[in-house]
Amino acid sequence: MGFSSDWLTLREPADRAARDTPLLQRALALAGSDPVVMDLGCGTGSTVRTLAPALPPHTSWRLVDNDPELLAQAAEAAGPHSSSHLVDIDRLDQLPLEGVTLVTASALLDLVTEDWLVRFAAILTVPFYAALSYNGQMHWSPADPRDEWITEAFNRHQRIDKGLGPALGPTSVQRTIEVFEAAGFHVVHAESPWRVGPDSEELQRAHVAGIAEAAAEAPAEAGAEAGAEGKAESARAWGETRMAQARHTESVTGHGDLLIIPPSATEPVVS
Ligand SMILES: C[S@@+](CC[C@H](N)C(=O)[O-])C[C@H]1O[C@@H](n2cnc3c(N)ncnc32)[C@H](O)[C@@H]1O
C-alpha cells in the first residue's frame, strides 16, 4: 500500500505535538555524542525534521523506505550526512545497521507483523525509538451513536496485510512491549494521543475521510451475516456527517510511543 506525501505532510504537525516529550528526550540522549540514526519507514522525513534540531549537526541519517518518492523527500530533509536505502524492511539482512547508534520509526509498527517484531528483536543491539503507533482507541466530540461501530470496523481494517503479512494494527503497542520484553529489552511506554481540533479543519476532514473509507472496506466481523454493502454505505454516511461537522469537532486518536532499550545499553541521565 502507498502513503501519500500530502497526507504525511498534513498530519506532521499533529504527529509532532502528540509525541511524548520526555520519551523523545531519552531517545535523543541514547543516540550518543556521534549519532548514527537509522529511520525505518522514513516517509517524507517527519522523524528527521523532529529530531534533527536537537541532535548534533554532524548526525548521520540512514533513511529506509520502500517508496522511492517519499525516500527522496526525506533525503532532502536530512541533508548531506544522510544515505537513502530503498529497502523492504521485511529484508532485515538489507537494513544498514552497521555502526547505527539509534533506530527510529514513526507510525510504522501498526503496519508490521508479530513475526517481524520477533525477527527484528533478534538482531537489534541498539536503542529503538518507535513513536506514534495507533492503539485502537478513538474519541469524538460531539459524539455520534455510530462512533463505536466505526472504530471497530476501522480496527478490523487495520489488521489487513499492509505488505508484510497480517498487520498488528491496534494491537501493535501491546504486542511490541511483550515481544521485546520477552527478548530481554527494557521497554518504556508513553501515551501520545493525536488531537485534532476545530482549528485543523483540513486535517480533520482528511482524517475522517480515511477512517470512513477504511471502515467501509473493512472485513466483516467473524460470524457476521451478509450485508457488507449496507455497512459500507453506513460507514460513508458517518464520514459525510463528520466532515460536515469538522469545524466543530474535536477528535482524539490513541497512539503510543515506545523506547526499547537493549540490556547492553547504558542510559545517560537526562537533565
Ligand atoms: C504511515 S507512513 C509513516 C511515515 C513517516 N515515518 C512519518 O511518520 O510520517 C509508513 C511509512 O512506512 C513505509 N513502509 C511501509 N511498509 C514498508 C516496508 N515493507 N518496507 C519499507 N518501508 C515501508 C511507507 O512507505 C511509509 O513511508
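Refer to the preceding data block for the structure.
Here's what I pulled together on the structure shown here. Source: prediction; values computed, not measured.

**Brief notes about the pairing of strand E3 (residues 82–86)**
On a regular strand, one side chain projects to one face of the sheet and the next to the other, so that they alternate.
Okay, so step 1: Where strand E2 (residues 60–65) lies against E3, 5 bridges are found, and the strand directions are parallel. Within the sheet, the bridge partner assigned to Asp 65 lies in E3 and is Leu 86.
Okay, so step 2: Once the chain exits E2 it traverses helix H4 (residues 68–78) before rejoining the sheet at E3, and the crossover so formed is right-handed.

**Considering the site of the ligand**
Okay, so step 1: Taken together, 18 residues lie around the ligand, and Gly 41, Asp 65, Asp 88, Ile 89 and Ser 106 are the ones closest in.
Okay, so step 2: Side-chain polar atom of Asp 88 to a nitrogen atom of the ligand: 3.0 Å apart, as the coordinates give it.
Okay, so step 3: Between the ligand and Ile 89 there is a distance of 2.9 Å, counted from a nitrogen atom to a backbone nitrogen or oxygen.
Okay, so step 4: Burial of the ligand by the protein chains amounts to 97% of its free accessible area of 590 Å².
Okay, so step 5: Class assignment of the residues belonging to the shell around the ligand gives a composition of 10 nonpolar, 5 polar and 3 charged.

**Points about the packing of helix H6 (residues 147–158) against helix H8 (residues 201–217)**
Okay, so step 1: Contact geometry for H6 and H8: axes closest at 8 Å, N-to-C directions at 75°. The orientation of H6 with respect to H8, classified from their angle, is roughly perpendicular. Packed against H6, whose contacting residues are Ile 150, Ala 153, Phe 154 and His 157, the element H8 presents Ile 211, Ala 214, Ala 215 and Glu 217 at the interface.
Okay, so step 2: Looking at side-chain class alone, the contact of H6 with H8 contains 6 nonpolar, 1 polar and 1 charged residues.

**Points about helix H1 (residues 5–18)**
Okay, so step 1: Its 14 residues place the ends of H1 20 Å apart at the C-alpha level, agreeing with the 20 Å of an ideal helix rising 1.5 Å per residue.
Okay, so step 2: Along H1, the sharpest kink reaches roughly 45°, centred on Glu 12 and followed within four residues by the proline Pro 13.
Okay, so step 3: Here H1 has its buried residues at Leu 8, Arg 11, Glu 12, Ala 14, Asp 15 and Ala 18.
Okay, so step 4: Looking at the buried positions of H1, the neighbouring elements they touch are helix H3 (46–51), H4, strand E5 (128–141), strand E7 (194–196) and H8.

**Side note on the packing of aromatic side chains**
Okay, so step 1: Applying the stated criterion across every chain yields a total of 7 aromatic pairs.
Okay, so step 2: A centroid spacing of 5.3 Å and a plane angle of 80° characterise the contact between Trp 140 and Trp 238, whose relative ring orientation is edge-to-face. One end of the pair, Trp 140, is in strand E5; the other, Trp 238, is in helix H9 (residues 228–244), and 98 residues separate them in sequence. Judged on exposure class, the residue Trp 140 and its partner Trp 238 are both buried.
Okay, so step 3: Look at Phe 180 and Phe 185: their rings are 5.1 Å apart centre to centre, the planes differ by 80°, and that puts the pair in the edge-to-face class.
Okay, so step 4: Assessed through its relative accessible area of 7%, Phe 185 is described here as buried.
Okay, so step 5: Each member of the aromatic cluster is reached from another via a ring pair, and the members are Trp 116, Phe 120, Phe 128, Phe 180 and Phe 185.

**Considering the environment of Arg 156**
Okay, so step 1: Residue placement: Arg 156 occurs in helix H6.
Okay, so step 2: Spatially, the C-alpha atom of Arg 156 lies 6.0 Å from that of Ala 218, the residues being 62 residues apart in sequence.
Okay, so step 3: Excluding anything up to four places from it in sequence, Arg 156 contacts Ala 218, Pro 219, Ala 220 and Glu 221.
Okay, so step 4: Within the structure, Arg 156 has its side chain in polar contact with the backbone oxygen of Pro 219 (distance 2.7 Å).

**Points about the side chain of Asp 147**
Okay, so step 1: Its place among the elements puts Asp 147 in helix H6.
Okay, so step 2: In terms of polar contacts, Asp 147 uses its side chain to reach the side chain of Trp 238, at 2.9 Å.
Okay, so step 3: Those residues in contact with Asp 147 that lie beyond four places of it in its chain are Trp 140, Trp 238 and Arg 242.

**Considering the side chain of Thr 44**
Okay, so step 1: Mapped onto the elements of the fold, Thr 44 is located in the loop between strand E1 (36–40) and H3.
Okay, so step 2: A distance of 2.9 Å separates the side chain of Thr 44 from the side chain of Arg 49, its partner in a polar contact.
Okay, so step 3: Among all residues touching Thr 44, those that are not within four sequence positions of it are Ser 5, Leu 8, Glu 12, Arg 49, Leu 70, Gln 73, Ala 74 and Ala 77.

**Observations concerning the pattern of salt bridges**
Okay, so step 1: Here the structure, examined in full by the defined rule, presents 13 salt bridges.
Okay, so step 2: Of the charged contacts in the structure, one is a salt bridge between Arg 91 and Asp 93, with a shortest N-O distance of 2.8 Å.
Okay, so step 3: You can call Arg 91 partly exposed: its relative accessible area is 41%.
Okay, so step 4: According to the relative accessible area criterion, Asp 93 is exposed, its value standing at 56%.
Okay, so step 5: For Arg 175, the salt bridge goes to Glu 114, with nearest N and O atoms at 2.4 Å. On the criterion of sequence distance, the pair formed by Arg 175 in helix H7 (residues 172–182) and Glu 114 in helix H5 (residues 114–123) is long-range, its members being 61 residues apart.
Okay, so step 6: The exposure class assigned to Glu 114 is partly exposed, which follows from its relative accessible area of 31%.
Okay, so step 7: One connected set of salt bridges, linked through shared partners, spans Glu 12, Arg 16 and Arg 49.

Criteria and cut-off values
- Residues numbered from 1 in each chain as written.
- Predicted model: local features only at pLDDT ≥ 70, side-chain atom pairs only at ≥ 80, totals over all residues.
- Heavy atoms only, no water.
- Pairing = 2+ DSSP bridges.
- Helix = DSSP H or I, 4+ residues; strand = E, 2+ residues; numbered from the N terminus.
- Right-handed = clockwise from strand over helix to strand, strands pointing away.
- Near = heavy atom within 4 Å.
- Polar contact = N/O pair within 3.5 Å; in protein donor to acceptor, adjacent residues only side chain to side chain.
- Areas by Shrake-Rupley, 256 points an atom, 1.4 Å probe, with all protein chains shown as cover.
- Nonpolar A, V, L, I, M, F, W, Y, C, P; charged D, E, K, R; others polar.
- Axes fitted to C-alpha atoms, helices over the stretch in contact; angles between N-to-C directions.
- Parallel < 35°, antiparallel > 145°, perpendicular 65-115°, else oblique.
- Contact = heavy atoms within 4.5 Å.
- Expected span 1.5 Å × (residues − 1).
- Bend = angle between axes of the 7 residues up to and from the residue.
- Buried < 20%, exposed > 50% of the residue type's maximum accessible area, 1.4 Å probe, protein only.
- Phe/Tyr/Trp six-rings, centres within 6.5 Å; stacked < 30°, edge-to-face > 60°.
- Salt bridge = Lys/Arg side-chain N within 4 Å of Asp/Glu carboxyl O.

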